[in-house]
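Here is how the chains run, residue by residue.
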Amino acid sequence: MSLTAGPEAHGPAANSAPGGPVSAEAVTLRQLPERPQAAEPAPPFQTWTQPDQSIWALFHRRGPAYLLRFRGLADFEISADGRSVTCWPAPGTPEASVRHLYLNQALPLALSRQGRLVLHASAIEAQGVAAAFLGPSGRGKSTLAASFATSGSRFLTDDGLQIALHGAQAEVVPSHPSIRLWEDSGQALLAASAPAAPPVHYTRKTRFLAGEGLAFCERPCPLRRAYLLGPGLAAQVSIRPCQASDAFMGMVRNSFLLDIGEQQMLTRHFDDIARLANLPIHYHLDYPRDYARLPEVRAAVLRHLADPEDTP
Amino acid sequence: MTLSDSVTIPQDVLARQVGEETVILDLASGRYFGLDAVGARIWQLLTEGLQPAAVRDAVVAEYEVEPQQAETDLLRLLRELQAQGLLRIG
């Protein structure tokens, strides 16, 4: 008999996920003129830091609403119900950077404030069903999504995966029709002429836009498999069952939740993750991080998706 | 803590069955914990209102374990739960 400590409830690190057409309907963005970032009267209730420990984002309460501050970049005020976001760029922040921050950071948090389950995961559609790839930044979620979307399948999101629970079924809600990739992945998977959003000054990732060469699925899809990505230590593609408790803790570590101090929302989040963890759809996926091996990875996932003996 | 103590689970401690294990959320701290299958069964007995001595008796009957071993293991778990704020005495 043992008690193990799990992670604290928290949002994921920076480099989080975009929203999309469906998300845009669920949240209203109002962008106001740029202004200096005046000091807030109270200290932040949460802080995100970069790997080098520099501050990336500060979370403040403003009455029932929330202020999400990216120092030197922009402020986003998220309404108490998560249905509206007001943005004030900091002086000199390019429009493309403001847009990128909104899609990747503010929007997933606003959606979580609505009680939606939003995970740090990518998802693809193949054979009419969805497969999700869950893991921290750098595990290859976006690269996998792009690999599938350039090879006959379609992507639903490259991060900020929204899941709708309907009884014992889970459904993936499509997100913004774009995938952010580092330069090496972009060069390996896409043509030099692939359409992309304007560059963002604070990151070297490129946001590639959905189109003929990067197929996007704009309809919700039933979630057939959820893969927790390993660190890339496997010499061969490896897919093995994931215990419900491991799936649960993995989702806690890789989910968005704006205010972990708000107990009603935290309770709902806990219930949703437990329901999702109890579905027989969770697996560990690891593979060598080698672009030349991606066809093997895709083939293994597609076979696994289609396996009738392993269908929930 | 001893088996003669009376224990309660704080109101802001939630638990859900996930697979064969139980996951616990302490709303006050936002921390999550996991209990293995045996720990999960003990937690279930506690939520049903059984006190430590009765939990010990149930464990002995269900798992065919020596009473002394059951008592030692149970006390260790209960003390750990208490240390994490997931259980209160009295």
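Residues numbered from 1 in each chain as written. Chains lettered and ligands numbered in written order. Predicted model: local features only at pLDDT ≥ 70, side-chain atom pairs only at ≥ 80, totals over all residues. Heavy atoms only, no water.

1. Considering the layout of surface pockets
Computed from the structure, the largest pocket encloses a volume of approximately 380 Å³. Taken together, 22 residues line the largest pocket, and the ones lying closest to its centre are Gly138, Arg139, Gly140, Thr143 and Ser185 of chain A. Among the elements of the structure, helix H3 (141-149), strand S14 (178-181) and helix H4 (183-189) of chain A are those that each provide at least two residues to the lining of the largest pocket. Here the lining of the largest pocket gets three residues from one element, more than from any other, and that element is H3 of chain A. When grouped by side-chain class, the residues that make up the lining of the largest pocket number five nonpolar, eight polar and nine charged. Along the walls of the second largest pocket sit 20 residues, with Leu228, Asp246, Met249, Gly250 and Arg253 of chain A positioned nearest its centre. Secondary structure elements with two or more residues in the lining of the second largest pocket: strand S1 (3-8), strand S16 (221-229) and helix H5 (244-253) of chain A together with strand S3 (21-26) and strand S4 (31-35) of chain B. (1 Å grid on protein atoms, 1.4 Å probe; cavity = no way out; pocket = protein on both sides within 12 Å on 5 of 7 lines; lining within 4 Å. Points joined across faces, edges and corners; volume = space filled by probe spheres on them. Helix = DSSP H or I, 4+ residues; strand = E, 2+ residues; numbered from the N terminus. Nonpolar A, V, L, I, M, F, W, Y, C, P; charged D, E, K, R; others polar.)

2. Focus on the interface of chain B and chain A
Taken together, the 29 residues of chain B in the interface contact 24 residues of chain A. When the two sides are added together, the surface that chain B and chain A hide from each other amounts to roughly 2300 Å², 65% of it contributed by carbon and sulfur. Counting every contact that joins chain B to chain A gives one salt bridge. Taking the shortest distance from any N to any O, the salt bridge between Asp271 of chain A and Arg16 of chain B comes out at 2.4 Å. Between chain B and chain A we count four residue pairs in polar contact (both at pLDDT 80 or more) in total. Residues that form the side of chain B that touches chain A fall into these classes: 17 nonpolar, six polar and six charged. (Contact = heavy atoms within 4.5 Å. Buried area = accessible area lost by both parts, 1.4 Å probe. Salt bridge = Lys/Arg side-chain N within 4 Å of Asp/Glu carboxyl O. Polar contact = N/O pair within 3.5 Å; in protein donor to acceptor, adjacent residues only side chain to side chain.)

3. Overview of the pattern of salt bridges
All names here are of chain A. Applying the stated criterion to the full structure yields 17 salt bridges over all chains. Linking Glu77 and Arg62 is a salt bridge whose minimum nitrogen-to-oxygen distance equals 2.8 Å. Residue Glu77 is found in strand S6 (residues 74-78), and its partner Arg62 is found in strand S4 (residues 55-62); the two are separated by 15 residues along the sequence. Accessibility expressed as a relative area gives 24% for Glu77, which makes it partly exposed. The partly exposed category is assigned to Arg62, whose relative accessible area is 25%. Here the salt bridges do not stand alone but share partners, grouping Arg35, Arg69 and Asp75 into one network. (Buried < 20%, exposed > 50% of the residue type's maximum accessible area, 1.4 Å probe, protein only.)

4. Description of the confidence of the model for chain A
Across chain A, the average pLDDT comes to 90, with 92% of residues at 70 or higher. The low-confidence segment residues 10-24 of chain A (pLDDT under 50) makes 59 contacts with residues lying over four places distant or belonging to another chain. (pLDDT = per-residue confidence, 0-100.)

5. Let's talk about the packing of H3 of chain A against helix H7 (residues 294-306) of chain A
The relative placement of two packed helices is expressed as an angle between their axes plus a distance between the axes. Residues and elements named next belong to chain A. Contact pair H3 / H7: the axes reach a minimum separation of 10 Å and the direction vectors enclose 80 degrees. The angle between H3 and H7 falls in the class roughly perpendicular. For the pair H3 and H7, the contacting residues are Thr143, Leu144, Ser147 and Phe148 in the first and Leu294, Val297, Arg298, Val301 and Leu302 in the second. Residues belonging to the contact of H3 with H7 are distributed by class as follows: six nonpolar, two polar and one charged. (Axes fitted to C-alpha atoms, helices over the stretch in contact; angles between N-to-C directions. Parallel < 35°, antiparallel > 145°, perpendicular 65-115°, else oblique.)

6. Observations concerning helix H1 (residues 37-47) of chain B
Residue and element names in this part refer to chain B. Turning to H1, its buried residues are Gly39, Ala40, Ile42, Trp43, Leu45 and Leu46. In this structure, the buried side of H1 is in contact with strand S1 (7-8), strand S2 (13-18), S3, S4, helix H2 (52-63) and helix H3 (67-83). Gly49 occupies a position one or two residues after H1 and carries a positive phi of about 100 degrees.

7. Focus on the side chain of Asn104 of chain A
All names here are of chain A. On the secondary structure map, Asn104 appears in helix H2 (residues 95-113). What makes Asn104 buried here is its relative accessible area of 1%. Within the structure, Asn104 has its side chain in polar contact with the side chain of Arg207 (distance 2.8 Å).

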